[in-house]
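Structural overview
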Amino acid sequence: MLTSARSSASRPTPASGSLALRPAALASGPSTPSSSAAPPAGSSRARGPRVQRRPAAATAGLAHPVVRKHYLKSRSVTPRTLAGYDYWYSRAEAFCGRRLPRNVEELDRLLEPHLNELYFEGELVYAGKQTLAAVAFHLDLNFQPKDIMVRCKRALKGWRTAVPERSRDPCPWVALALVCEHLSASSDLGLAAARAAALQMDGYFRPSEVLAIRRCDVAQHSRSTPFAITVAPSRGPGVEAAAVAPPRAKSGQYDDTVLIGDRASLDAGRPWTRPLVRRLLTEAPKAADSLLFNGLTLAKYEGLFKEAVEACRLQALHLTPHMLRHGGPSEDILNHVRTIAQIQERGRWSAPASVRNYQKQGRILRQLSKMPPHQQRLGRAALAALPRLLRL
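Residues numbered from 1 in each chain as written. Predicted model: local features only at pLDDT ≥ 70, side-chain atom pairs only at ≥ 80, totals over all residues. Heavy atoms only, no water.

Overview of the packing of helix H6 (residues 104-120) against helix H7 (residues 125-139)
Any two packed helices are characterised by the angle at which their axes cross and by the distance between the axes. Where H6 meets H7, the closest approach of the two axes is 10 Å, and the angle between their N-to-C directions is 150°. As judged from the angle between their axes, H6 and H7 are roughly antiparallel. As for how H6 packs across H7, the hand of that crossing is right-handed. Here Leu 107, Leu 111, His 114, Leu 115 and Leu 118 of H6 come into contact with H7, specifically with Ala 127, Gly 128, Thr 131, Leu 132, Val 135 and Leu 139. Of the residues contributing to the contact of H6 with H7, the split by class is eight nonpolar, three polar and no charged. (Axes fitted to C-alpha atoms, helices over the stretch in contact; angles between N-to-C directions. Helix = DSSP H or I, 4+ residues; strand = E, 2+ residues; numbered from the N terminus. Parallel < 35°, antiparallel > 145°, perpendicular 65-115°, else oblique. Left-handed = near helix turned anticlockwise from the far one by under 90°. Contact = heavy atoms within 4.5 Å. Nonpolar A, V, L, I, M, F, W, Y, C, P; charged D, E, K, R; others polar.)

Printed below as a string of structure tokens:
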């Protein structure tokens, strides 16, 4: 008895709030039965079902009870969306001067003046919609029913009437060729930005997607076939051992594939697409998880693109890297390169309504009309010399 009491008293007591206070099944995984309790070799219980578990690194940094409590909720949106929700929610609380209540009627009365204030500050209606989405996310509320948040919904309707929403206009190929000409002559990083822009336009990539392409995401069956680029891969070098799950595409999907240098692109007069990917693979580091555009961050890409637009005097077109995702399908529709169904598949749009905007050929023609005739001639010459400008 004395020995048992002494041994139990000598065991260290876990600190309050530590992981050691969790049940053994959670703290150390499935318990292993002792040898005395093991079933006979011929018994049907000798082989139990295999339990698939995540790597231990997947729970690193999640020991704090508050972090663990809301972890899965935070993973329901992308990190960028979550950061935006935190920003707009904090602005709403700062305006109200208090914690926002979960009572919908009171919340409606508090947020309506805030939406009016955002409007008079010059914000677009996007700010109002994001504010309501952030509040609904943080307070676990549903604003979908028509009789909920009536004041705020009427304020958004009036906001849309006063400042109509406009979708991004597309970027014409001749305008992008001028931008690439300036970028490729500026610096090595500018050349990388020009190559990223050309690849993004042809493949309908988002700016963040094209910059995230790794060597292991590119495959080719033979030299005469197009390259297949995987967007948001779920598996690959560095993915299985990551502390968190790999980022998804905006549509929420993994492992979407885009063919670069396919027959449609070649017939459209873009034979440089395959040599471009081949050159990127040649110059990229040899590690499987190395980026094709190593050193080119999104901020640098956007900054270089903006400088090139100003140097080429294309400010009237209001070009940004994201407009290349709209320019590619708009040009392909205008020139009958691909059908609507093929464009939806290539752009990885889940809803057909998202592709209908590219059938409005007047938008790409309106962008072209903003370029004087001599600028369009320079753009066509730069487009014809694009392989030389990209140093392929």
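Some details on the nonpolar core
In this structure, Leu 176, Leu 199, Phe 205, Phe 293, Leu 296, Leu 314 and Leu 319 are the most contacted members of the largest nonpolar core, which totals 55 residues. A per-element tally of this core places helix H9 (residues 173-186) first, with nine residues. Not counting residues within four places of it along the chain, the set of residues in contact with Leu 314 comprises Ala 175, Leu 178, Val 179, Val 309, Leu 319, Met 371 and Gln 375. Counting 26 residues, the second largest nonpolar core, distinct from the first, contains Val 77, Tyr 89, Cys 96 and Met 149. (Core = buried A, V, L, I, M, F, W, Y, C linked by side-chain atoms within 4.5 Å. Buried < 20%, exposed > 50% of the residue type's maximum accessible area, 1.4 Å probe, protein only.)

Quick look at the pairing of strand E2 (residues 227-231)
Two faces belong to every sheet, and in a regular strand the side chains alternate between them. Counted residue by residue, E2 has four buried out of five residues, so it is predominantly covered. Sheet topology places E2 next to strand E3 (residues 256-260); five bridges connect them, and they run antiparallel. By the bridge assignment, Val 231 is partnered in E3 with Asp 256. (Pairing = 2+ DSSP bridges.)

With respect to the environment of Asp 140
Mapped onto the fold, Asp 140 is located in the loop between H7 and helix H8 (150-162). Along the primary structure Asp 140 and Lys 73 are separated by 67 residues, whereas in three dimensions their C-alpha atoms are 9.9 Å apart. Sequence-distant contacts of Asp 140, defined by excluding residues within four places in its chain, comprise Lys 73 and Arg 102. Side chain to side chain, Asp 140 and Lys 73 meet in a polar contact 2.9 Å long. (Polar contact = N/O pair within 3.5 Å; in protein donor to acceptor, adjacent residues only side chain to side chain.)

Notes on helix H14 (residues 298-311)
Along its 14 residues, H14 runs 20 Å from first to last C-alpha, staying within 8% of the 20 Å computed at 1.5 Å per residue. Residues of H14 that are buried: Tyr 301, Leu 304, Phe 305, Ala 308 and Val 309. Along the long axis of H14, the arc covered by the buried residues comes to 140°, so they all point the same way. Exposed residues on H14 whose side chains face more than 90 degrees from its buried face are Ala 299, Lys 306 and Glu 307. Looking at the buried side of H14, the elements it contacts are H9, helix H10 (188-203), helix H11 (207-211) and helix H15 (323-334). Positive backbone phi, at 60°, marks Arg 313, one or two positions downstream of H14. (Expected span 1.5 Å × (residues − 1). Arc of directions from axis to C-beta.)

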